[in-house]
Amino acid sequence: MLKVYGSEVLDFVVDEGVQIHGGNGYSDEYIISKAYRDSRINRIYEGTNEINRLLTVDMVLKRAMKGRLDLMGPAMAVSKELMSIPDFGSADTAGFAKEKKMIANFKKAILMTAGSAVQKLMTKLENEQEILMNIADMAIETFHAESAFLRASKLADQRGEAACPFEIDVMRTYLYDAADHIHKSGKDAINGFADGDEQRMMLLGLKRFTKSEPFNCKEARRRIAAKLIADNKYPL
Ligand SMILES: Cc1cc2nc3c(=O)[nH]c(=O)nc-3n(C[C@H](O)[C@H](O)[C@H](O)COP(=O)(O)OP(=O)(O)OC[C@H]3O[C@@H](n4cnc5c(N)ncnc54)[C@H](O)[C@@H]3O)c2cc1C
């Protein structure tokens, strides 16, 4: 998951780097053109990203089938939760309660989608690579969202929230984007195997599990950029 995500973020970064340089960025004389070309191989070697995405889900499903991982128990619990009255938000606003809940909900979105896909398609699922890749994308986004959350909240515990605004901005911006990415991947997966009432119910559940509060990502990105420019070094 780290290899897939890291290689795609790197491609995005060098692509933006070329763009910032304008026409010069395309020229061999500028080092950014080398970075642009060199970056691209990372999505191909050490397992192409397509194969790594398929493996990510395949390994989890195999463990579940061998009884080494309980996937269906939690998946059924999420389906049951969907039938119940929605939780309209917790009053708990202490610390990072909202962000913690978002991540718990992302995991529910994965369990709901993967659990239903397994139940519906059974052994045919391995031939539905697009659905497997959608589920892998949901897992990759959730893994990185949780990593950003754990890192920022650990630092906030150690130093106090006021001392780590940069890490908190990065974490909140990531979570805000991840909610939409997970929603899109989940929607594509569900529409790929479900129909009728089941499809409608799951799409509603997905919307519930990928809800995010309004967040001014433009200002957060400006603050992040300002610190990066001021420090002019890797900031984390
Ligand atoms: C610079 C460089 C260094 C390398 N170093 C090493 C090394 O040190 N050791 C080593 O062992 N190998 C190395 N390789 C080889 C590399 O691991 C392979 O290129 C890579 O595994 C992809 O295999 P392939 O080129 O045969 O592409 P193919 O397997 O033919 O794949 C072509 C495309 O189809 C996609 N694809 C294939 N199957 C599926 C599927 N089922 N679903 C969806 N998409 C699919 C792939 O993701 C890929 O995008 C290197 C390659 C390069 C270019």
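Check the entry above for the structure.
Residues numbered from 1 in each chain as written. Predicted model: local features only at pLDDT ≥ 70, side-chain atom pairs only at ≥ 80, totals over all residues. Heavy atoms only, no water.

Enquirer: A description of the site of the ligand should follow, citing residues and the corresponding values.
Expert: The environment of the ligand is made up of Ile-41, Ile-44, Tyr-45, Thr-48, Glu-50, Ile-51, Leu-54, Gln-129 and Met-133. Within the side chain of Glu-50, a nitrogen or oxygen atom sits 2.6 Å from an oxygen atom of the ligand. When isolated, the ligand has an accessible area of 980 Å², and the protein chains bury 31% of it. When residues of the shell around the ligand are traced back to their parent elements, those giving at least two are α3 (49-65) and α6 (129-159). Per-element tally for the shell around the ligand: the top contributor is α3, with three residues. Residue classes in the shell around the ligand are distributed as six nonpolar, two polar and one charged. (Near = heavy atom within 4 Å. Polar contact = N/O pair within 3.5 Å; in protein donor to acceptor, adjacent residues only side chain to side chain. Areas by Shrake-Rupley, 256 points an atom, 1.4 Å probe, with all protein chains shown as cover. Helix = DSSP H or I, 4+ residues; strand = E, 2+ residues; numbered from the N terminus. Nonpolar A, V, L, I, M, F, W, Y, C, P; charged D, E, K, R; others polar.)

Enquirer: Account for the nonpolar core, with residues named and values stated.
Expert: Core analysis: the largest hydrophobic core is formed by 44 residues, its most contacted members being Met-112, Leu-125 and Ile-131. The contact partners of Leu-125, leaving out residues within four places of it in the chain, are Leu-61, Ala-117, Val-118, Ile-131 and Leu-132. (Core = buried A, V, L, I, M, F, W, Y, C linked by side-chain atoms within 4.5 Å. Buried < 20%, exposed > 50% of the residue type's maximum accessible area, 1.4 Å probe, protein only. Contact = heavy atoms within 4.5 Å.)

Enquirer: If you had to explain the pattern of salt bridges to someone new, which residues and values would you point to?
Expert: In total, this model carries 16 salt bridges according to the counting rule given. Between Lys-108 and Glu-81 there is a salt bridge, and its shortest N-O distance comes to 3.0 Å. One end of the pair, Lys-108, is in helix α5 (residues 97-121); the other, Glu-81, is in helix α4 (residues 72-83), and 27 residues separate them in sequence. Here Lys-108 falls in the partly exposed class, since its relative accessible area comes to 23%. On the basis of relative accessibility, which here comes to 26%, the residue Glu-81 falls in the partly exposed class. One salt bridge in this structure joins Asp-231 and Lys-227, with 2.5 Å as the shortest N-O distance. Placement of the pair is Asp-231 and Lys-227 together in helix α9 (residues 217-231), with a separation of four residues, close to one helical turn. (Salt bridge = Lys/Arg side-chain N within 4 Å of Asp/Glu carboxyl O.)

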